[in-house]
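# A structural walkthrough
So the chains spell out like this:
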Amino acid sequence: MGKGKRGGKRRNEQRLGGIGGALSLAAFANAKSRNTGYNPALISDDAKDAPRPHDKMKKRTSQSLNVEYEKKRVEDEKAKKEHDAIIQAKKEEREKSEAKRKELREKLFRRTRSGQPVMKYRIEHLLETAIGSSNK
């Protein structure tokens, strides 16, 4: 009993300097005389006035924030215009190719009075594809 999860009683006794329950004079002197190197009397006035590490960030003025906001807004507008131009170009290209495809489809589906396909447009299409593949 009294041991707990990590042997609490024994650990407390060791920490306090033995079974006696109190620190010995040597243990007390040793605990109190550790030299940390901190002496507030040695701190000069210049060191007290020096900026602290957390003061490195200057407080932003409203003017600097406005300038930064305007710069960011201009960049965003420029990026948006470029993006819109790219989308518009793709849209025009798509519409152009769809119109060309529709025109070709109308030609290839033409029929004579008797219901036969018009060979003129089919032969033209075959020639165009043959010439296009030989040029590549």
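Computed from a predicted structure; not experimentally measured.

Turning our eyes to something else, we now look at the overall build of the protein chain. Each helix and strand counted, the protein chain has five helices and zero strands in total. Evaluated residue by residue, the protein chain yields a buried proportion of 3% over its 136 residues. Summed over its atoms, the accessible surface of the protein chain is roughly 13700 Å², and 54% of this surface lies on carbon and sulfur atoms.

Together, Met119, Ile123, Leu127 and Ile131 line one region of the surface with nonpolar side chains, adding up to about 400 Å² of accessible area. Relative to the elements of secondary structure, Leu127 occurs in helix H5 (residues 119-135).

The next thing to look at is the packing of helix H4 (residues 62-108) against H5. The contact between H4 and H5 brings their axes to 8 Å, and the two run at 135 degrees. In terms of orientation, H4 lies oblique with respect to H5. Across from Leu104, Lys107 and Leu108 in H4, the residues of H5 making contact are Tyr121, Arg122 and His125. Along the lines of polarity and charge, the residues of the contact of H4 with H5 split into three nonpolar, one polar and two charged.

Below, the discussion takes up the pattern of salt bridges. On inspection of all chains with the given rule, the structure shows four salt bridges. Between Asp84 and Lys80 there is a salt bridge; the shortest N-O distance is 3.9 Å. Residue Asp84 and its partner Lys80 are both found in helix H4; the two are separated by four residues, about one turn of the helix. We classify Asp84 as partly exposed; its relative accessible area is 38%. We classify Lys80 as exposed; its relative accessible area is 54%. Between Lys107 and Glu103 there is a salt bridge, with the nearest N and O atoms lying 3.9 Å from each other. Of the two residues, Lys107 and Glu103 are both situated in helix H4; the distance of four residues between them amounts to about one turn of the helix. According to the relative accessible area criterion, Glu103 is partly exposed, its value standing at 46%. Through salt bridges with shared partners, a single network forms among Glu70, Arg73 and Glu77.

Conventions used here
- Residues numbered from 1 in each chain as written.
- Predicted model: local features only at pLDDT ≥ 70, side-chain atom pairs only at ≥ 80, totals over all residues.
- Heavy atoms only, no water.
- Helix = DSSP H or I, 4+ residues; strand = E, 2+ residues; numbered from the N terminus.
- Buried < 20%, exposed > 50% of the residue type's maximum accessible area, 1.4 Å probe, protein only.
- Areas by Shrake-Rupley, 256 points an atom, 1.4 Å probe, with all protein chains shown as cover.
- Patch = residues over 30% accessible without salt bridge, like charges linked within 9 Å, V, L, I, M, F, W, Y side chains within 5 Å.
- Salt bridge = Lys/Arg side-chain N within 4 Å of Asp/Glu carboxyl O.
- Axes fitted to C-alpha atoms, helices over the stretch in contact; angles between N-to-C directions.
- Parallel < 35°, antiparallel > 145°, perpendicular 65-115°, else oblique.
- Contact = heavy atoms within 4.5 Å.
- Nonpolar A, V, L, I, M, F, W, Y, C, P; charged D, E, K, R; others polar.

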